[in-house]
Amino acid sequence: MGLLSGKTALITGASKGIGRAIAIKYAQEGANVAFTYLSSVEKGQELENELAAYGIKAKGYRSDASQFAAAEELVNAVVSEFGGLDILINNAGITRDNLLMRMTEEAWDEVINVNLKSCFNTVKAATRTMMKAKAGAIINITSVVGIKGNAGQANYAASKSGIVGFTKSVALELGSRNIRCNAVAPGFIETEMTAVLDEKTVQGWRDAIPMKRGGQPDEVANACVFLGSDMSSYISGQVLQVDGAMLT
Ligand code: NAP
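Residues numbered from 1 in each chain as written. Predicted model: local features only at pLDDT ≥ 70, side-chain atom pairs only at ≥ 80, totals over all residues. Heavy atoms only, no water.

Looking up the protein chain in an unreviewed UniProt entry gives the name 3-oxoacyl-[acyl-carrier-protein] reductase, with the organism given as Belliella filtrata. As recorded by UniProt, the Function (unreviewed entry) comment attached to the protein chain reads in full: "Catalyzes the NADPH-dependent reduction of beta-ketoacyl-ACP substrates to beta-hydroxyacyl-ACP products, the first reductive step in the elongation cycle of fatty acid biosynthesis." (UniProt positions renumbered as here; feature names shortened; annotations may be inferred.)

Near the ligand there are 30 residues, and of these S15, I18, S40, Y156 and T191 occur at the shortest range. S63 has a polar backbone atom sitting 3.5 Å from a nitrogen atom of the ligand. Protein contacts shield 94% of the accessible area of the ligand, which totals 890 Å² for the unbound molecule. Elements represented by at least two residues in the shell around the ligand include exactly α1 (17-28), α6 (154-174) and α7 (192-195). (Near = heavy atom within 4 Å. Polar contact = N/O pair within 3.5 Å; in protein donor to acceptor, adjacent residues only side chain to side chain. Areas by Shrake-Rupley, 256 points an atom, 1.4 Å probe, with all protein chains shown as cover. Helix = DSSP H or I, 4+ residues; strand = E, 2+ residues; numbered from the N terminus.)

This part is about the pattern of salt bridges. In a structure, side chains of opposite charge can pair up when their charged atoms sit close to one another. Per the counting criterion, the structure on display carries nine salt bridges. Here E190 ties to R206 by a salt bridge, and the two come within 2.8 Å at their closest N and O atoms. Taken together, the residues span a long stretch of sequence, with E190 in the loop between β6 (179-186) and α7 and R206 in helix α8 (residues 199-208) at a distance of 16 residues. Look at R206 and you get buried, because its relative accessible area is 15%. In this structure, a network of salt bridges that share partners links the residues K16, K43 and E192. (Salt bridge = Lys/Arg side-chain N within 4 Å of Asp/Glu carboxyl O. Buried < 20%, exposed > 50% of the residue type's maximum accessible area, 1.4 Å probe, protein only.)

And the structure:
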């Protein structure tokens, strides 16, 4: 018996990086896994096969997290195909970094819509089912940047701070229905999102982290297993930093 046996989870943006690691850990812990991707169609299909090998039900959906109507369609499809929805993980995210002076309106809107509005979209669509079941766990992936801010990432930091306020509000509103809502704030995690940065900058970051290394996607996924499982049944409204003491 895994920690998530019998539960159905929906994970957004799972074709690579942290989302992919969460999907695999969830399958290993016995959850049925629905997940989304947008541009990485092949990787999404590969993941579906990889997850199914764990003997659970798995299905990938091509769905743009930033689109309100698409989220409703997605959640309806998951509920009818899986028979319910117990855990929702909002992981889909992008960066469009630039100094404020050079940041375009499009770069601002796109990041806010993919990272923050996406959480509203799926939570709004999922709460009906979770309220009926009188149970649910929602996990939103924010970032230490959302707590501290970061030069060159005003759009990203704003979206991630927004997620913190949203998470706490959802926890307050839906607590009486036994729906928990928490955020996970990774520090520097080595994924494709961060692989585009130059090695010298990255080494500088590693050196500045008290644990002297970047984190791995699996280490964020483990926190999501805990927050999605009944092990965290009285934990809600929290922001769990997974950052090797980077922001302490
Ligand atoms: P990643 O490797 O770039 O993966 C991002 C995922 O999001 C991909 O699967 C991508 O799917 C999906 N995605 C992007 N836009 C989407 C959209 N509009 N609709 C649906 N899916 C979409 O990034 P990552 O490093 O794993 O990051 C995952 C989350 O952790 C993000 O929210 C990020 O902000 C957060 N985070 C990361 C770090 C870090 O150091 N890596 C630190 C703090 C927080 P497609 O490729 O199919 O489009």
